[in-house]
Amino acid sequence: MSKIKGALSGARLTDVLVTGFVDKNERPVRFHALWRAVYFEFDDVLLKMAVVGDSGRIRLFLADEVSNEADLNDDMLPALSSVRLQVLRDPDGSNVLATIRTWNTIQSSEWIECSAARLDLVNGQQIFIDPLNYFGIQLGGREQEEVWKQNAQESWLESMEIA
């Protein structure tokens, strides 16, 4: 946990990336997002949040690069898309990280596993990361956090602040 905290303390969120694929035979070619992992790029540091199996939990860890771990057939090509414009209220602003809050947290020296997470930015924006979506991770704001809390088990509601 201290490794993540040290790398992200005061860092600026510069991009939000999601992996997926394009079908070579589709015209026009369309990007199909696979929401099992989302990468948050802070300056030159990547924080990966990935769904842990079918557990409804996510694991946060620092990644060296974006990797597409999808099982693709011969007609599919791995692809990557930025969703920064859709997620950040001020996509070209400073977007400095104030804190990361996690719920129902287990941690090791290399990763943090939790039932949900929230990035709080200095500009007041909150990005809630909800892994309970059937298709993987759902990103939202305060409204998504409230929906998650309504569906969460009581034992999940204990939270901790990381950065």
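Residues numbered from 1 in each chain as written. Predicted model: local features only at pLDDT ≥ 70, side-chain atom pairs only at ≥ 80, totals over all residues. Heavy atoms only, no water.

**Considering the sheet that holds strand β7 (residues 106-107)**
Now for step 1: In space, the 7 strands of this open sheet follow the order β5-β1-β2-β3-β4-β8-β7, with antiparallel pairing throughout. Here the strands that pair on one side only, and so sit at the sheet edges, are β5 (76-82) and β7. (Pairing = 2+ DSSP bridges. Helix = DSSP H or I, 4+ residues; strand = E, 2+ residues; numbered from the N terminus.)

**Examining helix α3 (residues 142-151)**
Now for step 1: Here α3 has its buried residues at Gln144, Glu145 and Trp148. In an axial view of α3, the angular spread of the buried residues amounts to 100°, which keeps them on one side of the axis. For α3, the exposed residues lying more than 90 degrees away from the buried face are Glu143 and Gln150.
Now for step 2: On its buried face, α3 is in contact with β6 (97-103), β9 (116-121), β10 (126-133) and β11 (136-140). (Buried < 20%, exposed > 50% of the residue type's maximum accessible area, 1.4 Å probe, protein only. Arc of directions from axis to C-beta. Contact = heavy atoms within 4.5 Å.)

**As for the pairing of strand β2 (residues 31-42)**
Now for step 1: Bridging between strand β1 (residues 13-23) and β2 involves 8 bridges; their strand directions are antiparallel. Within the sheet, the bridge partner assigned to Val16 lies in β2 and is Phe40.
Now for step 2: Direction of pairing for β2 relative to strand β3 (residues 45-51): antiparallel, over a ladder of 6 bridges. Each residue of the ladder has a partner; that of Val38, found in β3, is Met49.
Now for step 3: With antiparallel pairing between neighbouring strands as the criterion, β2 and β3 make up a hairpin whose turn holds 2 residues, including Asp43 at a positive phi of roughly 50°.

**Considerations on the sheet that holds β11**
Now for step 1: Here we have 5 strands laid out as an open sheet, ordered β11-β10-β9-β6-β12, and antiparallel in their pairing. Sheet topology places β11 and β12 (159-161) at the edges, where each strand pairs with a single neighbour. Strand-to-strand, the axes of this sheet are offset by a mean angle of 20°, without reference to chain direction.
Now for step 2: Sheet topology places β9 next to β10; 4 bridges connect them, and they run antiparallel. When the bridges of β10 are listed, Ala117 appears paired with Ile129.
Now for step 3: Contacts from α3 reach β6, β9, β10 and β11, with the element oriented near 35° to β10. (Axes fitted to C-alpha atoms, helices over the stretch in contact; angles between N-to-C directions.)

**Remarks on the nonpolar core**
In globular proteins that are soluble, nonpolar side chains generally tend to be buried together.
Now for step 1: Counting residues in each nonpolar core, the largest one holds 30 residues, and the members touching the most others are Phe40 and Ile129.
Now for step 2: Element by element, the count of residues in this core is highest for β3, at 4 residues.
Now for step 3: With residues up to four places along the chain from it excluded, the contact list for Phe40 reads Leu13, Asp15, Val16, Val45, Leu46, Leu47, Met49, Leu119, Ile127, Ile129 and Leu139. (Core = buried A, V, L, I, M, F, W, Y, C linked by side-chain atoms within 4.5 Å.)

**Re the pattern of salt bridges**
Now for step 1: Taken as a whole and judged by the stated rule, the model has 10 salt bridges.
Now for step 2: A salt bridge links Glu26 to Arg30, with the shortest nitrogen-to-oxygen separation between them at 3.0 Å.
Now for step 3: Assessed through its relative accessible area of 48%, Arg30 is described here as partly exposed.
Now for step 4: As a salt-bridge pair, Lys149 and Glu145 come within 3.0 Å of each other at their nearest N and O atoms. You can see Lys149 and its partner Glu145 sitting in helix α3, 4 residues apart, about one turn around the helix.
Now for step 5: Taking the relative accessible area as the measure of exposure, Lys149 reaches 31% and is therefore partly exposed.
Now for step 6: Classification of Glu145 by relative accessible area gives buried; the value is 4%.
Now for step 7: The structure contains a network of salt bridges with shared partners spanning Arg118, Asp120, Glu145 and Lys149. (Salt bridge = Lys/Arg side-chain N within 4 Å of Asp/Glu carboxyl O.)

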